[in-house]
Every structure is written in C-alpha cells, then in structure tokens.
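# Coordinates in review
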Amino acid sequence: MPSAFITGITGQDGSYLQELLTGKGYEVHGWPSAECDITQPDVLRVALQQSQPDEIYHLAAQTHVGDSAQAEAVTMAVNFQGTKNLLETAQREAPRARILFASSSEIFGRPDEVPQTETTPINPVNPYGESKACATEAVRAARAAGCYAVNGILYNHESPRRGPNFVTQKICRAAAAIARGEQSELKLGDTSAARDWSDARDIIRGMWLALQAEAPGDYIFASGQTHTVQNVIEIAFEAVKLDWRKHVIIDESLFRATEPRQLIGNPSKARAVLGWEAQTTFHELIVEMMETAM
Ligand code: GDR
C-alpha cells in the first residue's frame, strides 16, 4: 500500500486530496492546517520518521495574499522557511519520497509573458508572492541536487470547501445570505480584478498526476482563461434571482496595495506530459458553490 503525508490536510485542497488518495488505496498521514507548525524541524522529523511516506504533498501555508502585507514575517517564515525545513527533513528522513510543493501563480506577479509557462521569469509583487517565489526556488534547488521535488504552480482554485475570506466564497455566501433575508449588502474591493480560476478538485488531481511522472519537473495547473470578480458576482446573484446592483458596495479599504496583473496559466505541459484536463468550467463551479451556500 503506498503511503502519503499531507501538510495542511484539513484545508480545502488537503481534504480533497485525502479523499482522492484514500480512494486510490493509499495510507494517508497528515497534519491539520491549524496544528501543523512546519517551521519546527523536530516535530516534522518525528512525523516523517513515523509515516515513512512514498509521497509528500506540502500544502500548509499562510494562503491569504491580502493579509500577507500585514503579516510579512509570518508569511515568509511559514511559506519559505517551512518549505526549506520540509525539504531538508524529507531528504534526511524519507529520501525516496517524492515531494509536491503547492507553489502559486503569485510568483509571477506582473509577468513579461501572457499566458505564463513553467519557464516564465519569477517577478512577485507582494510578500505572499515573494515567500512562494523563494520556496519555489528552494524546490528547484532540491531537484537539481537529485531529489524528486516538484512545483505545482497553482492558479486560483475554488470549491464549496473554499475558506470564506477568498472572494468567490465571500460572494457566494453573501448572495445566499441576502436571498435568505439574513443580510442586505456585500462589501467588496476591486471587482474588476481578473483571475484564472479552476475547480480545486481538478487541481488536486493534477498534484497527484505530477508525482506519478517518470521524472520530476514543474507544472502549471490553470484553466488558461480569466474571469473578473464582477463575473463571479453576476453568476452568484443570478443563481438566486437577485439584482446585484441593489446589494454590492465597493469598499476602497478592501483594495490591495499591489495587484498582480494578467495571471493566466498555460497548462500545455501538464496536458502533454501528465494527460491532465480540467473537468469543470468556471460557470459550473460558481453555480455549485451557490447551491452549497444555499
Ligand atoms: P488571491 O484570491 O489573492 O488571488 O489568492 P482572493 O480570492 O483572495 O482574491 C482574488 C481577487 O479578488 C479581489 N477582491 C477581493 N478579494 C477578497 N479576498 N475579498 C474581497 O472583498 C475582494 N474584493 C475584490 C482581490 O483583490 C483579488 O484580485 C488565491 C489564494 O488561494 C492564494 O493562496 C493562491 O496562491 C492564489 O489564489 C493563486
């Protein structure tokens, strides 16, 4: 029976990944998102010694881009030092384990190339992007040193399990609450912001496929299309037959100091090498999130 170790197992991605791997017959070990302190080498050493995983999925992180401006030191400690700690400990305690790191489109920030590929230069524009950029380079260095280490360069991915602070879930939960008469307004930041959104379940299937390839490499997992926050609002309010104009309020305090630009991923390599294909469209995803929110 293959075994896997997942950091951040109780998060959106970790929970779906646990289900996927269990269904494939894996023995799954994991650290809950709130409890795992990836910056503590001793705790990690014991966890890896006990689980002796064939595959490690490193998902635990400070994942809020907006919050990273106020929490720069914590973001860097968890996302970068934590990843280095995991790489070093895994190389010692579980040297045959294949490692997937959940990297992010935010490493590209304001990229020279649109859409981005695995070789697009890194150019982050906020502390979150910087922390993921440093960690991505650490994963590449571990691979150059002989470790089976992979960056899954993940663009935005959502699901009914998405945390309430991310914009898709914030909109869906608010539209549902307004439809039930529990609230009347929804405050948002920049609704013209565009992202390349996918279904989280498609993305985690990609993570698994990435560790089954013969040789390690980096992979972009993205839809290759962008939509705006405004598009999310329209689909969500349409699902409950409400006029969004009567409820959505723009709150300038929710704007971010630096927004990345034109983050669109080219998933051609994942398609060609791994046979990865997304199964859910953006519209289907938001409608499903609305159904769950209702
Ligand atoms: P993001 O996701 O920062 O792209 O990071 P988020 O859903 O937080 O923001 C998407 C866009 O929506 C705009 N926006 C708002 N965002 C939030 N959270 N709340 C608001 O009220 C609001 N109004 C407008 C934002 O400015 C932004 O442009 C996600 C995370 O999952 C990261 O961990 C991951 O690495 C990247 O996706 C890829």
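Residues numbered from 1 in each chain as written. Predicted model: local features only at pLDDT ≥ 70, side-chain atom pairs only at ≥ 80, totals over all residues. Heavy atoms only, no water.

### Digging into the nonpolar core
- Ranked by internal contacts, the top residues of the largest apolar core, which has 28 residues, are Leu21, Tyr57, Met207, Tyr219, Phe221 and Leu274.
- Those elements that provide at least two residues to this core are strand E1 (3-7), helix H1 (12-23), strand E4 (98-104), strand E5 (149-154), helix H6 (200-210), strand E10 (219-221) and helix H8 (268-274).
- Among the elements that line this core, the one with the most residues is H6, at seven residues.
- Once residues within four sequence positions are removed from consideration, Leu21 is found in contact with Ala4, Ile6, Tyr26, Val28, Tyr57 and Trp208.
- Ranked by size, the runner-up nonpolar core spans 24 residues in total, among them Ala174, Ile178, Leu186 and Ile233. (Core = buried A, V, L, I, M, F, W, Y, C linked by side-chain atoms within 4.5 Å. Buried < 20%, exposed > 50% of the residue type's maximum accessible area, 1.4 Å probe, protein only. Helix = DSSP H or I, 4+ residues; strand = E, 2+ residues; numbered from the N terminus. Contact = heavy atoms within 4.5 Å.)

### Describing helix H2 (residues 41-51)
- Regarding H2, the residues found buried are Leu44, Ala47, Leu48 and Ser51. All buried residues of H2 lie within an arc of 95° about the axis, which places them on one face of the element.
- Looking at the buried side of H2, the elements it contacts are E1, strand E2 (27-31), strand E3 (55-58) and helix H3 (72-93).
- Directly after H2, the chain includes Gln52, whose backbone phi takes a positive value near 40°. (Arc of directions from axis to C-beta.)

### Re the domain arrangement of the protein
- On domain assignment, one finds that the protein holds domain 1 (3-158 + 200-224 + 262-280) and domain 2 (167-192 + 226-261 + 284-293).
- Relative placement of domain 1 and domain 2: their C-alpha centres are 28 Å apart.
- Taken together, the 15 residues of domain 1 in the interface contact eleven residues of domain 2.
- The junction of domain 1 with domain 2 conceals about 1200 Å² of combined surface from both sides, 51% of it contributed by carbon and sulfur atoms. (Domains from an automatic or database assignment. Buried area = accessible area lost by both parts, 1.4 Å probe.)

### Some remarks on the pairing of E4
- Among the seven residues in E4, six count as buried, and that is most of the element.
- Note that E3 and E4 share four bridges and pair parallel. Counted as the bridge partner of Glu55 is Arg98 from E4.
- In this fold, the crossover linking E3 to E4 by way of H3 has right-handed handedness.
- As defined by bridge partners, E4 adjoins E5 across six bridges and the pair is classed as parallel. Within E5, the residue paired with Phe101 across the bridge is Asn151. (Pairing = 2+ DSSP bridges. Right-handed = clockwise from strand over helix to strand, strands pointing away.)

### Let's talk about the environment of Ile171
- Relative to the elements of secondary structure, Ile171 occurs in helix H5 (residues 167-179).
- Remark: the alpha-carbon pair of Ile171 and Leu242, spanning 71 residues in sequence, is separated by 13 Å.
- With near-sequence residues (within four places) excluded, Ile171 lies in contact with Leu186, Leu188, Val229, Val232, Ile233, Ala236 and Phe237.

### What about the site of the ligand?
- The local shell around the ligand holds 22 residues, among which Ser104, Tyr128, Lys170, Arg256 and Glu259 are the closest.
- Between the ligand and the protein, one listed contact pairs an oxygen atom with a side-chain N or O atom of Tyr128 at 2.6 Å.
- A distance of 2.8 Å separates a nitrogen atom of the ligand from a polar atom in the backbone of Gly189.
- Across the complex, the protein chains shield 94% of the 710 Å² of accessible surface that the ligand would expose by itself.
- Classifying every residue of the shell around the ligand gives ten nonpolar, six polar and six charged.
- Both domains that furnish three or more residues to the shell around the ligand are identified here as domain 1 (3-158 + 200-224 + 262-280) and domain 2 (167-192 + 226-261 + 284-293). (Near = heavy atom within 4 Å. Polar contact = N/O pair within 3.5 Å; in protein donor to acceptor, adjacent residues only side chain to side chain. Areas by Shrake-Rupley, 256 points an atom, 1.4 Å probe, with all protein chains shown as cover. Nonpolar A, V, L, I, M, F, W, Y, C, P; charged D, E, K, R; others polar.)

### A word on the pairing of E3
- Both faces of E3 are covered, namely the face carrying Glu55 and Tyr57 and the face carrying Ile56 and His58.
- Note that E1 and E3 share four bridges and pair parallel. What sits directly across from Thr7, in E3, is His58.

### Structural notes on the sheet that holds E10
- The parallel open sheet is built from six strands, whose spatial order is E2-E1-E3-E4-E5-E10. With one partner strand each, in any of the chains shown, E2 and E10 form the two edges of the open sheet. The average undirected angle you get between the axes of adjacent strands in this sheet is 20°.
- In the packing of H3 onto the sheet, contacts are made with E1, E3 and E4, and the angle to E3 comes to roughly 170°. (Axes fitted to C-alpha atoms, helices over the stretch in contact; angles between N-to-C directions.)

### Topic: the packing of aromatic side chains
- Here the structure, examined in full by the defined rule, presents four aromatic pairs.
- Where Phe221 meets Trp276, the ring centres are 5.1 Å apart and the plane angle is 80°; that geometry is what we call edge-to-face. Of this pair, Phe221 sits in strand E10 while Trp276 sits in the loop between H8 and helix H9 (282-293), and the two are 55 residues apart along the sequence.
- The class for Phe221 is buried, based on a relative accessible area of 0%.
- Residue Trp276 is classed as buried on the basis of its relative accessible area, which comes to 2%.
- Ring pairs connect the aromatic residues Tyr219, Phe221 and Trp276, which therefore count as one cluster.
- Over the ring of Trp208 we find Lys24, and its NZ or CZ is 4.0 Å from the ring centre.
- Across from the ring centre of Tyr219, 4.6 Å away, lies the NZ or CZ of Lys269, which sits over that ring. (Phe/Tyr/Trp six-rings, centres within 6.5 Å; stacked < 30°, edge-to-face > 60°. Lys NZ or Arg CZ within 6 Å of the ring centre and 35° of its normal.)

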